[in-house]
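Tertiary structure, described
Read off the chains here:
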Amino acid sequence: MNDPYADMHAHMKECAAEAARVARGVRPERLSDPTPCTEFDLRALVNHWVLYTSHGLECRALRRPIPEPLAGRDFTADPDWAQQYAAQLDRAVAAWADPAVWEGEVDLGFAVTPATTIASLLIKEMAVHGWDVAVATGQRFEVSAGTAAFLLRVVEEGAEMYRRYDGFADPVPVADEASDFERALAVSGRDPRWSPPAAQARG
């Protein structure tokens, strides 16, 4: 049977693999460093990223609330947090492997939203916050052209909603030759040229 959600699941799997790779490159001594998300230092950003894009992603597939104790957990306090994140990402991606999971809606507690919308937004979170973590730690977050085009579409469709709730800053101008992923970052209020302040100072 043809799976109409196969492409989105492939984008999810790709972004999860890249997120796991970037997480393994985060050194513990960098956890107090600044990030492109000015309200988060690296530790807070990683905890947000891990919570919603791995545990939250699986819970949405299973139509379960995120367990309350996870909301306040410092995942980075465990020296093996990156490995645990990778394993949880694998579980979350596997939970979305069944095409039936993409059907219907997800009750978020404050709203009921189509499962495809929730999955798309969480893939976007995985990638844009993955980029935040990557550039804050001197790494790159790279996606294929197809996934980049998907992310740009998700960001453009959700930008007004995110700005209404202060989730995105104002869009950032980019060059005509910018890639789709750079455009997605820019629409979300991120500067694709961002680098840590220390690196900026070194010029």
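First, a word on what this report is: a plain description of the structure on this page. (Residues numbered from 1 in each chain as written. Predicted model: local features only at pLDDT ≥ 70, side-chain atom pairs only at ≥ 80, totals over all residues. Heavy atoms only, no water.)

Right, let's talk about the environment of Ser-195 for a bit. Counting through the fold element by element, Ser-195 comes out in the loop between helix H7 (180-187) and helix H8 (197-202). According to the relative accessible area criterion, Ser-195 is partly exposed, its value standing at 22%. As a C-alpha pair, Ser-195 and Val-26 span 169 residues in sequence and 15 Å in three-dimensional space. (Helix = DSSP H or I, 4+ residues; strand = E, 2+ residues; numbered from the N terminus. Buried < 20%, exposed > 50% of the residue type's maximum accessible area, 1.4 Å probe, protein only.)

Position of His-129 among the secondary structure elements: in helix H5 (residues 115-136). For His-129, a relative accessible area of 6% gives the class buried. Reaching out from His-129, the side chain makes a polar contact with the side chain of Asp-132 at a distance of 2.9 Å. Ignoring any residue separated from it by four or fewer positions in sequence, one finds His-129 in contact with Cys-37, Leu-45, His-48, Trp-49, Lys-124 and Arg-190. (Polar contact = N/O pair within 3.5 Å; in protein donor to acceptor, adjacent residues only side chain to side chain. Contact = heavy atoms within 4.5 Å.)

What follows concerns the layout of surface pockets. Here the second largest pocket is characterised by a volume of approximately 270 Å³. Contributions of two or more residues to the lining of the second largest pocket are made by H5 and H7. Sorting elements by how many residues they give to the lining of the second largest pocket places H7 first, with three residues. For the lining of the second largest pocket, the residue count by class is seven nonpolar, two polar and three charged. (1 Å grid on protein atoms, 1.4 Å probe; cavity = no way out; pocket = protein on both sides within 12 Å on 5 of 7 lines; lining within 4 Å. Points joined across faces, edges and corners; volume = space filled by probe spheres on them. Nonpolar A, V, L, I, M, F, W, Y, C, P; charged D, E, K, R; others polar.)

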